[in-house]
Amino acid sequence: MSTTSYLSPTHRYAAGALFAIALHQAQIHQTRPLGLSTEEDLSEDRSSCSSSSDSVSEDPELWVHEKSGLLRPVFRFLEIDSAAWLGLEETAGSCPAQHHVGAFLRLLSVESDDSSSQSSDEELALAKAVDVTACSLETNSESSESKKEKHQQYEVECREKCSAAEMQSVSESVNKHMTTQKDSESNMSKGAPISSGSNVDERPIEGGTNLGYQRKVTVLYELLSACLADAPDDSKKINQRRKGYDARHRVALRLLAAWLNINWIKMEAIEMMVACSAMALRKAEESKEESSSPKSKWAKWKRGGIIGAAALTGGTLMAITGGLAAPAIAAGFGALAPTLGTLIPVIGASGFAAVASAAGTVVGSVAVAASFGAAGAGLTGYKMARRTGSVDEFEFKPIGENNNQGRLAVEIMVSGLVFHEEDFTRPWEGKRDNMERYALQWESKNLIAVSTAIQDWLTSNLALALMKQGAMMTVLSSLIAALAWPATLVYAADLIDSKWTVAVDRSDKAGRLLAEVLLKGLQGNRPVTLIGYSLGARVIFKCLECLSETERNAGIVERVVLLGAPISIKDQNWEAVRKMVAGRFVNAYSTNDWMLGVAFRTSLLSQGLAGIQAIDVPGIENVDVTHLIEGHSSYLWATQQVLDQLELDTYFPVFRSNIDKK
């Protein structure tokens, strides 16, 4: 092999095959998430897949199809013989493809005759570097007690502001009335709430247990390098591939990590190492003459991607990565200097020691970081050049300590019920993950106005009288059944209508703005997770709607969580929106959120509402969070608890209630 690799040709062939299968399975799980598929769905899937032996070559919408540009560049990077590509694609597209996984895992575990002790030592060094990096990530995520206390204080403040006692009394009366109706409703096969008891096999695939840990890490490392490589397009047929880290690639790697029984935090550590490696190479290339041929550039990139963190040039690490390597990680590489130094004589142990001493002392090239997609300057620096579509305010606020730390995934969180500007950020500050996170602050004036109008009515004499009379007991059932309203409730809704209508209009336009930001790649062409509650959930939905206008945009968004979404069900194209999300798509709803029903009654009467009921759309996880939500304002402080119980880093649907955790 002309370039550096830890894997033999046979191992690279098996790794490419496994990735192809995982990519296709991830696409299937878009509409049939693990644990939610019925036997009828599975039998239908088998028959459709087995109807034609050349189905992969005939269906350009498949992620493993040549036209998608998602798979063949990976094969090319791994230097798999092109004569085998079509066969691997057909194997990936066959049903059930999982039958092939065990065989390829066993092939990975077989040592070839030409394998050297040096290769084994390199795999060991790489695994150690991943462990050190993962350990630093775990340490950072565990230092959250102070955040937890701050969030609890925020909850106390919100409850006082939102008259929680009154909300609780309403919730209790509504719950009593709704229990009978809720019990009588049949569960939708694809809309049942997710729990830890869903039929999901969490065990690794047979064959993966016999594969050594070091080999597993090496496989994931090389596959990620292949996904990120800026491969030249050999075919003009490829028109759906976006540059950067495709969300569909990341979802496939999630599934493959689950098959290999590798914790996701180890994969995040690999992402950081590859990010630093790639940016180092980009910076080195920028400083040289641009006279080299594309072929030699490709070889250099490949060497850099494969060697990774072990090939970074000592003390220049921080300078060439724009300060993206966390000090703890740099220190970890320093601790591994004796091992890594013996494998890379050109760098030596002193080079790695210099990495540790240089940590945090140099501000490097932001341009390099942004071009690769591992810096957030594009989002934090984004300001509307002009007033767009009546939207006066739209900007991103960084949250947490992960910004500019070499993270290859972005999380954007959108509040939709706010009483003060701090409500755009404080509901999200306690969230624990290893992504680069931002809160979108938008139209604060209008959102504060509608939130205040709702709260003013809740504390009015009219509302208190209705509560005492138990009038709210019939609200949701009346709405869903499209029955007549009490005149007093119609009057109450009219008080809110004008401000709510304006806020809904602004949320739709803000959603289009968010889509434009993502299409411009201001997030660095990295996979994006979108989470929002109330009108913020509507912003996200409208963003996805705009993205769905072109199939080429399917690789931008990895995961979506909508909480208390004021979105009608029947008159929206949920299926098209679902296709824009590569991984999990969660709709969290509360059956006692009568205030949302009052505010959005016009559409609800005939169309249904996502924020208070399940959506019967294949691939959407419906989660009933009624036991956590006392009223619509509860999303301000309860969002954090909902997200913790969703365990978003798991590949399959999970929602662990408090009972499950005991």
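See the structure shown above.
The numbers attached to residues start from 1 for each chain and follow its sequence in the written order. The predicted nature of this model means local features are confined to residues of pLDDT at least 70 and side-chain atom pairs, given and counted, to a pLDDT of 80 or more, with totals for whole chains, interfaces and linings taken over all residues. Excluding hydrogens and water, the side-chain figures rest on all heavy atoms present in the structure.

Trainee: Mind laying out the pairing of strand S5 (residues 557–563), listing which residues take part and the relevant values?
Mentor: Three labels apply to residues, based on accessible area from a 1.4 Å probe with only protein chains included: buried if under 20% of the type maximum, exposed if over 50%, partly exposed otherwise in between. Secondary structure elements follow DSSP: runs of H or I no shorter than four residues count as helices, runs of E no shorter than two count as strands, and numbering proceeds from the N terminus. Most of S5 sits inside the fold, with 7 of its 7 residues counted as buried. Strands pair, by our definition, only if DSSP identifies at least two bridges between them. Across 6 bridges, strand S4 (residues 528–533) lies against S5 in parallel orientation. Among the inter-strand pairings, Leu 530 is bridged to a residue of S5, identified as Val 560. With its strands directed away from the observer, a crossover is right-handed exactly when the path from the first strand over the helix to the second travels clockwise. Handedness of the crossover joining S4 and S5 through helix H24 (residues 535–547): right-handed. Bridge analysis of S5 against strand S6 (residues 585–589) gives 4 bridges, and the strand direction is parallel. The residue of S6 that forms the bridge with Leu 562 is Asn 587.

Trainee: An account of the pairing of strand S3 (residues 436–442) is needed here, citing residue identities and associated values.
Mentor: Among the 7 residues in S3, 7 count as buried, and that is most of the element. What you see with S3 is no split at all: Glu 436, Tyr 438, Leu 440 and Trp 442 on one side and Arg 437, Ala 439 and Gln 441 on the other are buried throughout. Relative to S3, strand S1 (residues 394–399) runs antiparallel, the two sharing 6 bridges. When the bridges of S3 are listed, Phe 394 appears paired with Trp 442.

Trainee: Residues and numbers for the state of the cysteines, please.
Mentor: Working definition: a disulfide is two cysteine sulfur atoms within 2.5 Å of each other. Taken as a whole, this structure holds 0 disulfides when the rule is applied. Cys 543 provides the cysteine sulfur closest to Cys 546, a residue in no disulfide bond, and the two sulfurs are 6.9 Å apart.

Trainee: Tell me about the sheet that holds S6, and please be specific about residues and values.
Mentor: Spatially, the 7 strands line up as an open sheet ordered S1-S3-S2-S4-S5-S6-S7, and their pairing is mixed. In the strand order of this sheet, the two ends are held by S1 and strand S7 (621–624), each with one partner. Mean inter-strand twist for the sheet, computed between neighbouring axes without regard to direction, equals 20°. Inter-axis angles, ranging from 0 to 180 degrees, are taken between N-to-C directions of lines fitted to C-alpha atoms, where helices are fitted over the stretch in contact.

Trainee: Explain a negative patch on the surface to me, using residue names and the numbers behind them.
Mentor: A surface patch of like charges, here negative, comprises Glu 58, Asp 59, Glu 61 and Glu 551. For Glu 61, the position within the fold is in the loop between helix H3 (55–58) and helix H4 (72–77). Patch members must show over 30% relative accessible area and no salt bridge, and they are joined within 9 Å when carrying like charges or within 5 Å when they are nonpolar side chains of Val, Leu, Ile, Met, Phe, Trp or Tyr. The protein chains shown are the only cover counted for residues, whose accessible areas, like all others here, come from Shrake-Rupley with a 1.4 Å probe. Should a side-chain nitrogen of Lys or Arg be within 4 Å of a carboxyl oxygen of Asp or Glu, the pair is scored as a salt bridge. In this count, Lys and Arg are taken as positive residues and Asp and Glu as negative ones, while His and the chain termini are left out. Every charge is mapped to an atom, namely NZ of Lys, CZ of Arg, CG of Asp or CD of Glu.

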